[in-house]
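# Fold and contact review
In case you want the letters, here they are:
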Amino acid sequence: MGSGGQQTESGEPDSGRDAGVYGWEEVQKHCSRSDRWLVINRKVYNVTQWCKRHPGGSLVISHYAGEDATEAFNAFHPDQRFVQKFLRPLLIGELAATEPSQDHNKNAAIIQDFDALRVQAEKEGHFQAKPLFFCLHLGHILLLEALAWLIVWLWGTSWTLTLLCSMLLATAQAQAGWLQHDFGHLSVFKKSRWNHMMHKFVFGHLKGASANWWNHLHFRHHAKPNILSKDPDVNLSGIFVLGTTQPVEYGIKKIKFLPYNHQHQYFFLVGPPLLIPIVFNIQTLRSMISRRDWVDLALVVSYHLRNIFCYVPLYGLFGSLALNLFARFLESHWFVWVSQMNHLPMQIDHERHKDWLTMQLQATCNVEQSSFNDWFSGHLNFQIEHHLFPTMPRHNYHLVAPQVRALCDKHGIPYQMKTLWQAMTDVFRSLKTSGDLWLDAYLHK
């Protein structure tokens, strides 16, 4: 087996050194910002230049530089034949016959069993969406929006009716958030283009945010969930310390941007109230301008024009802005608790190079199924199944869940199921535990 490490300017392997045959040791060397290789189904690809064009953003594909990306590739790409035309020009060789298919001591038996489970789920039709389900979901969002406006248009803008209006708007926004999530994961239509179009419409026109901004953040989260420096959802700019590793590291280094031993208390002041109305609004605006996403920007403008047209005649300009901000404030609480209850109490650590099943199960947990929990969380109470099969339509999660649980039992991987109340209170408990770990390390280590 040759090293195959030399490359020409065109990105092709040097034909003079056993070109096209590589070992894992060689592949793992190519993981820098200016030199990225990855392996898919034992084929070696140079994605250094392609990273900039990747629809999910450059960082999500960079997370697998120097690694086997087969399981992530299978999870994110429902139409792999279409994607192959982009991969072919990037192909530079393959793994040597003596090399295992998996890297970093990943469990081959788990990978094989999970691949078989995915094939079985496809055969049983679990990746087939029900159009009526999503039509009804979109319909009830539009109905909530219409009811919110009709109430104050017909009966006036008293404080009671305004509160009711804002609650209906917040509910519509939260449910639109779950729906855009479906389109963003390509889980509704067979053709990716239709999913992308509806994603832009729902997220842009109905919610006033950028679909491209969401893609670049959310797929990084799915690719490496709860992995420090790779998952943006746990990269909180020093506002919080999470898990058991980061608090101790901060404590030993005497890092104290905030009194982290009180983070479980100030979370209620800076987390749920501010994430959507302040943080997300600033981030999405900066993203659209810096990336020149004019289509997304036009849809966001259309969202605000619709609100102005509907509510300025009733509340005036500042009153309509206040109504919109308050609805987002309510929605933000809803979103934060649902999105964090499945992840924040779970393992948060540096990269450990686990197989797909193990990595996702360590970072996610489920919440008990009920009609309310399904609706309230957009079926993200099945967070485990969603992370394992991100392109699966959410109405099918419950069908594959027993098989996932059986596979976890077979390999001794914990499959956590909680009540809704327990999942939410665990967010508070995990923040307190992490804060206490930081304080102990800060004072005594």
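Going by the structure above, here's the rest.
Let us look at the structure shown here.

Rules of the game
Residues numbered from 1 in each chain as written. Predicted model: local features only at pLDDT ≥ 70, side-chain atom pairs only at ≥ 80, totals over all residues. Heavy atoms only, no water. Patch = residues over 30% accessible without salt bridge, like charges linked within 9 Å, V, L, I, M, F, W, Y side chains within 5 Å. Areas by Shrake-Rupley, 256 points an atom, 1.4 Å probe, with all protein chains shown as cover. Salt bridge = Lys/Arg side-chain N within 4 Å of Asp/Glu carboxyl O. Helix = DSSP H or I, 4+ residues; strand = E, 2+ residues; numbered from the N terminus. Buried < 20%, exposed > 50% of the residue type's maximum accessible area, 1.4 Å probe, protein only. Expected span 1.5 Å × (residues − 1). Bend = angle between axes of the 7 residues up to and from the residue. Phe/Tyr/Trp six-rings, centres within 6.5 Å; stacked < 30°, edge-to-face > 60°. Lys NZ or Arg CZ within 6 Å of the ring centre and 35° of its normal. Pairing = 2+ DSSP bridges. Core = buried A, V, L, I, M, F, W, Y, C linked by side-chain atoms within 4.5 Å. Contact = heavy atoms within 4.5 Å.

## So, a nonpolar patch on the surface
Taken together, the side chains of Ile239, Phe257, Leu258, Leu269, Val270, Leu274, Ile278, Val279 and Ile282 define a hydrophobic patch exposed on the protein surface, amounting to about 760 Å² of accessible area. Elements with a contribution of two residues or more to the nonpolar patch: helix H11 (263–270) and helix H12 (275–291). Top element by residues in the nonpolar patch is H12. It accounts for 3 residues. Its location among the elements puts Val279 in helix H12. You can call Val279 partly exposed: its relative accessible area is 31%.

## Some thoughts on helix H13 (residues 294–341)
Taking 1.5 Å per residue, 48 residues should reach 70 Å; H13 reaches only 34 Å between its end C-alpha atoms and comes up short. Bending of H13 peaks at approximately 115 degrees at the position of Tyr315.

## As for the pattern of salt bridges
Within the structure shown, the criterion is met by 17 salt bridges. We note a salt bridge from Arg306 to Glu145, for which the minimum N-O separation is 3.4 Å. Taken together, the positions of Arg306 in helix H13 and Glu145 in helix H6 (residues 131–155) put the pair 161 residues apart, joining distant regions of the chain. The class for Arg306 is partly exposed, based on a relative accessible area of 22%. A residue is classified by how much of its surface remains accessible, and Glu145, at 13% relative accessible area, is buried. For Asp426, the salt bridge is made with Arg429, and the minimal N-O distance between the two is 2.7 Å. Residue Asp426 and its partner Arg429 are both found in helix H18 (residues 420–444); the two are separated by 3 residues, about one turn of the helix. When its relative accessible area of 13% is taken as the criterion, Asp426 is described as buried. Bridged by salt links that share partners, the residues Glu67, Lys224, Lys230 and Glu351 form one connected network.

## Quick notes on the packing of aromatic side chains
Tallied over the entire structure, the rule returns 32 aromatic pairs. Between the aromatic rings of Tyr311 and Tyr315, the centroid separation amounts to 6.4 Å while the plane-to-plane angle is 40 degrees, which identifies the pairing as tilted. Taken together, the positions of Tyr311 and Tyr315, both in helix H13 and 4 residues apart, correspond to about one turn of that helix. For the residue pair Tyr311 and Tyr315, the accessibility class agrees, reading buried in each case. An aromatic cluster of at least three residues, connected via ring pairs, comprises Phe240, Tyr266, Phe267, Phe268, Trp337 and Phe428. Above the ring of Tyr64, the side-chain terminus of Lys224 is found at 4.1 Å from the ring centroid.

## Things to note about the pairing of strand E3 (residues 35–40)
Extensive coverage of E3 is indicated by the burial of 5 of its 6 residues. Two elements, strand E2 (residues 31–32) and E3, share 2 bridges in a ladder whose sense is antiparallel. Within the sheet, the bridge partner assigned to Ser32 lies in E3 and is Asp35. Counted along the chain from E2 to the antiparallel partner E3, the turn is 2 residues long. Bridge count between E3 and strand E4 (residues 43–46): 4 bridges; the pairing is antiparallel.

## Topic: the nonpolar core
Nonpolar side chains in soluble globular proteins tend to be buried together. Trp356, Leu357, Leu388, Phe389 and Val404 are the most contacted members of the largest nonpolar core, which totals 46 residues. Looking at which element gives the most residues to this core, the answer is helix H17 (residues 397–411), with 6 residues. Excluding anything up to four places from it in sequence, Phe389 contacts Phe114, Leu117, Arg118, Phe127, Tyr397, Val400 and Val404. Counting 27 residues, the second-largest nonpolar core is a separate cluster that includes Trp178, Leu242, Ala423 and Val427.

## Some thoughts on the pairing of strand E6 (residues 91–95)
One face of the sheet, then the other: side chains in a regular strand alternate in exactly this way. By the bridge criterion, 2 bridges tie strand E1 (residues 21–22) to E6 in an arrangement that is parallel. Bridge pairing in E6 links Tyr22 to Leu95. As paired strands, E4 and E6 are joined by 3 bridges and run antiparallel to one another. In the sheet register, Val44 faces E6, and the bridge partner there is Gly93.

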